[in-house]
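# Observations on the model geometry
Okay, here's what each chain looks like letter by letter:
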Amino acid sequence: MSRPVVEVTGLTVRYAGATALDGVDLAVGEGELVALIGANGAGKSTLVKALSGLLRPHAGTITVRGRLAQVPEGREMFGDLTVDDNLRLGGWRNPEGRRGRDTSPIYELLPELSDLRRRRAGSLSGGQQQMVAIGRALMARPDILVVDELSLGLAPLVVTTLVGHLRTLNTERGLAVLLIEQNARLALDMCERAYVLETGRIALHGAAKDLARDPQVTAAYLGGH
Ligand code: ATP
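Summarised in this report is the structure supplied together with it. Quick caveat, the model's predicted, so the values are computed rather than measured. Every chain is numbered on its own, with residues counted from 1 as its sequence reads. Where local features are concerned, this predicted model is filtered to residues with pLDDT of at least 70; where side-chain atom pairs are given and counted, the filter is 80 or more; whole-chain, interface and lining totals use all residues. In computing side-chain values, all of the structure's heavy atoms are included and hydrogens and water are not.

## A short note on unusual backbone geometry
Both trends apply: most residues other than glycine have a negative phi, and most peptide bonds are in trans. For E149, which is not glycine, the phi dihedral falls at a positive 55 degrees. With respect to the element layout, E149 can be found in the loop between β6 (144-148) and α5 (156-173). With a relative accessible area of 5%, E149 lands in the buried category. We note that T199 has phi near 35 degrees; this positive angle belongs to a residue other than glycine. A helix here means a DSSP run of H or I that spans at least four residues, while a strand means a run of E at least two residues long, and both kinds are numbered starting from the N terminus. Three exposure classes are used, based on accessible area relative to the maximum for each residue type with a 1.4 Å probe and protein chains only: buried under 20%, partly exposed in between, and exposed over 50%.

Quick look at the structure:
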C-alpha cells in the first residue's frame, strides 16, 4: 500500500449500552480504491460518522493526511437551491477562498451536470443528485472521498455511470476513494482492496478479487454465487 491518506487503528465506538465498533483497523493509501462492505447494522454509518468527526471514539485513533470529503448517504441536497449553488456550498472549506468556490472545474469533471446547473436540486433524479453530491464533495479538493452507499436506490445503469466517474477521478487525478457499500458485488468489482465489517469488527480484509472468491464472503454477501 502507498502512504496512507486515512489510517484508523483500534477504533472503538460505543453507544449507550452497545458497542458499534470494536477495535477497527483500516487504512486507505494515496490513490487507492478501497471498499468497506457489511450488512445492515454492521457499523458502517458509525465508521463514517467517526471519520467525519461527528462521533467521538471511545478508543483508538483516526489519522487523516490531506483532505477528506464525504458523499453522504441519502445525498443531502439543498432541494430548493440550484445544482450550481449546491456545488458552491461544497467549496466553503476550500483553502483557495473565493477561487475555491468556482464551480467550472466540476462541470469539466462531471459534464452531465452542465445542462443541469440552473435546475433546482430537488427536481433531479436520484442518480443526478448523487452526481451533484460527488461534485459538491470534489469542491473541497479532497485527497480522499468517503462515499457512503453510492448505489442505494439507484438503477444499475446509473450506478455504472457513477462508478465510471469515480474510476476516472482515481486514475487521472489520483483521488483515493473509500467506498462504503451494502452492495458487495459492486464494491468488490470497483475496488482493489476491501474490508468486511461484521458486528463492529473487521472480519476479513484483503485484495478485492480474493475476497470475491472467498466462500465465506460469497455465501454471506454475494448471494452464494
Ligand atoms: P445501516 O446500513 O443499517 O445504516 P450500519 O452498518 O451503518 O447499518 P450502524 O448504523 O453504524 O450500522 O449501527 C451499528 C450498531 O450500532 C447497530 O447495532 C445499531 O443498532 C447501533 N446504533 C447505531 N446508532 C445508535 C445510536 N444512536 N444509539 C444506540 N445504538 C446505535
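## Focus on the sheet that holds strand β1 (residues 4-15)
We call two strands paired when DSSP finds no fewer than two bridges between them. If you trace the 3 strands from one edge of the open sheet to the other, you get β2-β1-β4, paired in antiparallel fashion. Edge positions in the open sheet fall to β2 (18-29) and β4 (59-64), since each of these has one partner strand only. Shown here is a sheet whose adjacent strand axes are inclined to one another by a mean of 15 degrees, direction ignored. Note: β1 against β2, 8 bridges, orientation antiparallel. The residue bridging V6 from the neighbouring strand is V28, located in β2. Note on contacts: a residue pair qualifies if any of its non-hydrogen atoms lie within 4.5 Å across the two residues. Throughout, an axis means a line fitted to C-alpha atoms (over the contacting stretch in the case of helices), and angles, computed between N-to-C directions, take values from 0 to 180 degrees. Its contacts with the sheet put helix α1 (residues 44-51) on β1, β2 and β4, and the angle it makes with β1 is roughly 120 degrees.

## Considerations on the nonpolar core
Core analysis: the largest hydrophobic core is formed by 49 residues, its most contacted members being L113, I134 and L145. Counting residues per element, this core draws most heavily on helix α4 (residues 126-138), at 6 residues. Every residue in contact with L145, bar those within four places of it in the chain, is listed here: A69, V71, I134, A137, L138, L166, L175, A176, V177 and L178. In these notes, a set of buried Ala, Val, Leu, Ile, Met, Phe, Trp, Tyr and Cys residues joined through side-chain atoms within 4.5 Å is what counts as a nonpolar core.

## A closer look at the sheet that holds strand β5 (residues 68-71)
Taken together, the 6 strands give an open sheet; going across it, the order is β5-β6-β7-β3-β8-β9, and neighbouring strands pair in mixed fashion. Two strands close off the open sheet at either side, each with one partner strand: β5 and β9 (201-207). Across the sheet, the mean angle from the axis of one strand to that of its neighbour is 15 degrees, orientation sign disregarded. Bridge analysis of strand β3 (residues 33-38) against strand β7 (residues 176-181) gives 5 bridges, and the strand direction is parallel. Across the sheet, the residue bridging to A35 is L179, located in β7.

## Remarks on the side chain of T46
Inspection of the secondary structure puts T46 in helix α1. Since its relative accessible area comes to 6%, T46 is described here as buried. Setting aside residues no more than four positions away along its own chain, T46 makes contact with V13, Y15, A20, L21 and L55.

## Here we look at α1
With respect to burial, α1 is a largely interior element, 6 of its 8 residues being buried. Within α1, burial applies to K44, T46, L47, V48, A50 and L51. Positive phi shows up at G53, right after α1, with a value of about 80 degrees.

## Comments concerning α5
Expected span of a helix: the number of residues minus one, times 1.5 Å. Its 18 residues give α5 an end-to-end C-alpha distance of 25 Å, which sits within 8% of 26 Å, the value for a rise of 1.5 Å per residue. Looking only at α5, the buried set comprises V159, L162, V163, H165, L166, L169 and N170. Take α5 and look down its axis: the buried residues cluster within an arc of 155 degrees, on one side only. Exposed residues pointing more than 90 degrees away from the buried face of α5 are listed as L157, T160, T171 and E172. Considering only its buried residues, α5 is in contact with β3, α3 (104-109), α4, β6 and α6 (184-190). Looking at the residues trailing α5, positive phi occurs at G174, about 70 degrees. Here the arc refers to the directions that run from the helix axis out to each C-beta atom.

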